[in-house]
Amino acid sequence: MTTSLYNFIDAKDKFAASAVSALAGRTSKPLINAFNQITGNEAEKKTTLDQSLRGVLGDQIVEQKASCDEYLALIYISIEAVTEGICSATTPFLLLGDVLDCLPLDQCDKIFSFVEENVSTWKSSTFYSAGKNYLLRMCNDLLRRLSKSQNTVFCGRIQLFLARLFPLSEKSGLNLQSQFNLENITVFNKNEQESTLGQKHTEEKEDGMEVEEGEMGEEEVPATCSIPIDYNLYRKFWTLQDYFRNPLQCYEKFSWMTFLKYSDETLAVFKSFKLDDMQASKRKLEELRTSAGEHVYFAKFLTSEKLMDLQLSDSNFRRHILLQYLILFQYLKGQVKFKSSNCILNDDQTAWIEETTKLVHQLLKEIPPEGEKFSAMVEHILNTEENWNGWKNEGCPSFVKERVVDDKPKRPVRKRQAPEDFLGKGPDRKLFMGNDELTRLWNLHADNMEACKSDDREFMPSLDEFFAEAIEQADPTNMVEDEYKVVRNSNYGWRALRLLSRRSPHFFQPTNQKFKSLADYLDSMVSKLAKELPKDIPSEEIKTGEEDDDDNGDNLLKESNDSPSMQSKMVSNQQMDDVAAKLGAKWKTLAGQLEMKASELREIETDSEDVDMQAKLLLVAWQDREGTQATVENLVSALNAASFTQIADNLSEA
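Note that the structure is predicted; figures quoted are calculated from it, not measured.

Procedures and definitions
Residues numbered from 1 in each chain as written. Predicted model: local features only at pLDDT ≥ 70, side-chain atom pairs only at ≥ 80, totals over all residues. Heavy atoms only, no water. Phe/Tyr/Trp six-rings, centres within 6.5 Å; stacked < 30°, edge-to-face > 60°. Helix = DSSP H or I, 4+ residues; strand = E, 2+ residues; numbered from the N terminus. Buried < 20%, exposed > 50% of the residue type's maximum accessible area, 1.4 Å probe, protein only. Lys NZ or Arg CZ within 6 Å of the ring centre and 35° of its normal. pLDDT = per-residue confidence, 0-100. Contact = heavy atoms within 4.5 Å. Salt bridge = Lys/Arg side-chain N within 4 Å of Asp/Glu carboxyl O. Core = buried A, V, L, I, M, F, W, Y, C linked by side-chain atoms within 4.5 Å. Disulfide = S-S within 2.5 Å. Patch = residues over 30% accessible without salt bridge, like charges linked within 9 Å, V, L, I, M, F, W, Y side chains within 5 Å. Areas by Shrake-Rupley, 256 points an atom, 1.4 Å probe, with all protein chains shown as cover. Polar contact = N/O pair within 3.5 Å; in protein donor to acceptor, adjacent residues only side chain to side chain. Expected span 1.5 Å × (residues − 1).

1. Considerations on the packing of aromatic side chains
Scanning the entire structure with this criterion turns up 29 aromatic pairs. Arranged with centres 6.0 Å apart and planes meeting at 40 degrees, the rings of Tyr 231 and Tyr 234 form a pair that is tilted. One end of the pair is Tyr 231 and the other is Tyr 234, both in helix H11 (residues 231-245) and three residues apart, which spans about a single turn. A single burial state applies to Tyr 231 and to Tyr 234, both of which are buried. On the basis of an interplanar angle of 80 degrees and a centroid distance of 5.1 Å, the ring pair of Phe 244 and Tyr 325 is categorised as edge-to-face. You can see Phe 244 sitting in helix H11 and its partner Tyr 325 sitting in helix H15 (residues 315-333), a full 81 residues away along the chain. Within the aromatic cluster, the residues linked to one another by ring pairs are Tyr 243, Phe 244, Trp 256, Phe 259, Tyr 325, Phe 329 and Trp 352. Between Arg 319 and the ring centre of Phe 374, over which it is positioned, the NZ or CZ distance is 4.4 Å.

2. Remarks on the confidence of the model for the protein chain
Low-pLDDT portions of the prediction should not be read for the details of their coordinates. In this model, the protein chain carries a mean pLDDT of 80, and residues with pLDDT of at least 70 account for 81%. Put simply, helix H25 (residues 549-560) is where the protein chain has its lowest mean pLDDT, 45, and helix H16 (residues 347-366) is where it has its highest, 95. Predicted confidence is poor over residues 200-224, with pLDDT under 50, and the contacts of this stretch with residues over four places away or in other chains come to five contacts. Counted against residues more than four places away or in other chains, residues 537-567, with its pLDDT under 50, gives 41 contacts.

3. Quick word on the pattern of salt bridges
Following the criterion strictly, the structure yields 15 salt bridges and no others. Measuring nitrogen to oxygen at the nearest pair gives 3.3 Å for the salt bridge that ties Asp 69 to Lys 110. Taken together, the residues Asp 69 in helix H4 (residues 68-84) and Lys 110 in helix H6 (residues 105-117) connect sequence positions 41 residues apart. Between Lys 236 and Glu 265 there is a salt bridge; the shortest N-O distance is 2.9 Å. Here Glu 265 lies in helix H12 (residues 253-272) and Lys 236 lies in helix H11, a separation of 29 residues in the sequence. A relative accessible area of 30% places Glu 265 in the partly exposed class. A cluster of three or more residues bridged by salt bridges with shared partners is formed by Asp 109, Glu 116 and Arg 157.

4. Structural notes on the environment of Leu 142
For Leu 142, the location among the structural elements is in helix H8 (residues 128-145). Spatially, the C-alpha atoms of Leu 142 and Cys 108 are 8.7 Å apart, while their sequence positions differ by 34 residues. The contact partners of Leu 142, leaving out residues within four places of it in the chain, are Leu 100, Cys 108, Phe 112, Phe 154 and Ile 158.

5. Some remarks on the environment of Ser 124
Residue position: Ser 124 is located in the loop between helix H7 (119-122) and H8. By relative accessible area, Ser 124 is classed as partly exposed at 24%.

6. Examining the nonpolar core
Counting residues in each nonpolar core, the largest one holds 53 residues, and the members touching the most others are Val 115, Trp 122 and Phe 161. Looking at this core, the element that brings in the most residues is H4, giving ten residues. With near-sequence residues (within four places) excluded, Trp 122 lies in contact with Ile 79, Phe 93, Leu 96, Phe 114, Val 115, Phe 127, Tyr 128, Leu 135, Phe 161 and Leu 165. Counting residues in hydrophobic clusters, the runner-up holds 45 residues, among them Tyr 231, Tyr 262, Val 269 and Tyr 325.

7. Examining the state of the cysteines
Across all of its chains, the model carries zero disulfides by this definition. No disulfide involves Cys 102; its sulfur sits 9.3 Å from that of Cys 108, the nearest cysteine. Looking at Cys 102, the relative accessible area reads 48%, which means it is partly exposed.

8. Considering a nonpolar patch on the surface
A cluster of nonpolar side chains, namely Met 433, Leu 438, Leu 441 and Trp 442, defines an oily patch on the protein surface of about 350 Å² accessible area. Of note, Leu 441 is situated in helix H19 (residues 436-442).

9. Concerning the side chain of Asn 634
Tracing the backbone through its elements, the reader meets Asn 634 in helix H30 (residues 632-641). A polar atom in the side chain of Asn 634 sits 3.2 Å from the side chain of Thr 631.

10. Regarding H6
Over its 13 residues, H6 runs 18 Å from end to end, which matches the ideal 18 Å to within 8%, given 1.5 Å per residue. Here the buried face of H6 lies against H4, helix H5 (91-102), H7, H8 and helix H9 (152-165).

Following this line, the structure appears as structure tokens:
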């Protein structure tokens, strides 16, 4: 019997029709029904459905009748199809790429908002591995189309999305080699002949002559700049941007001398002309407010000569320049792994940088408003940046720390113990009593009260044994002084009272005698007992039963229940790796038997996307919590309870 060949054309047409129907009803059920009705293997049907969805999207784009909502509805349906297992995991990303490639930038903004809102979907195990490269390529294509100066906000959204999508240790976004953006060139007037700075005051004077008295109000009078600006200051000031763009120039002798000279003159201007009067700047800030109450920022410096006086009088502009100095100094002094061996500062350069750094911080504190607060914030950010550079210099080690196996694992110390620390966990419900010895004694038997009722724990001596020494000392012929008699011992007297209350009828008999002390009362009782007890009592050392209490109790409890956990071995890292690899995505089933909390499971899922790593983190968390009870036998019991019999057998045989 020959099998019929798979008809790609017919299947594609059926899938296309079902996709249109699904798009109209905003549901993926028509696609699921068509997938089940068409004959063929799953791989062929998935490939056909992928092509059909891209074909439907292409028709919508060509006809230009569909809106962004229609495109997004089709992408939503493709996501549902992936979840149902009838579509390839890469299809939603291919559809997104097609839409963004064909739409103008204003509509791409709305499509990208959808991408941002579904970042949790892209990070799930179903989509992350299949789509991370597609998303990275899509974002890079968008960045190439956008202008960094005109679409600054959109570019920033893309960068933030990538930071949320990829883990912190993703090396493609770390700039490990500390490369600089050398294309960021600041353009300014380098021809002194074309400069208008020398003609400025003359033009202002001529313009002012044409204004008659009373024609201009007080608020309309232009504020004159108190900072003397000429072309040399203008040229030197903007030349510094080239050193901020490429700090490696500072390691060259001639370039360093130029940078040193220009920096001293610029910082001298900042130091000489401080921003004390904020009335004019406040008025300018109000004019720059948007309707939402936010400041307007520009991505590039405006280098016009006419704006130089206004820029030097602006607090935000000064902060930008001074912050550039601090960033440059941190790179020059810092240890960077990929920095050339020739990039070393001499003593004079280091001293100048240290002195200038203090000056820059002082200038930042003097710039209103809230200069002290701004300077402290900048210093904190730069200190954090040093930690980041150190982490990159170390090769970006993983943030997931492996548990170090100690010879004697210790439980984590808490200031206040949680209830689960002493109420018992695990298959044997071990209770923690505060220290190792109390814990050992308490857990020698499953039911301590029943063990204490055992006949072997009767340690009460007989009257003749306990009082033999006292009776012998009471005999006048032995001539034992009162102060050396055992009845004078308070400890002996207390135990004698307890024994008399249990064994002697004389204890509860009423008497008219009055005793000044416990020793006098015991002398009276010893005299009565001497008359009743046999005369041939050996005067050997009397055993009270207290001395053998610990040994007999331990032996009894050990015979009642020889705890297997005391003889079990601790679970090693290798064993945990093997169990985690075999558990895989089913690790949550074992988590229930290990009595893990829901909050702990959420933390594990947040820490890693990989299911094997999640299983490993589960076992590490269990080991941290159980301490010395994290034994192979307890883990085997939990695996058997969770129906992982094969894994339990392999662990027992290891």
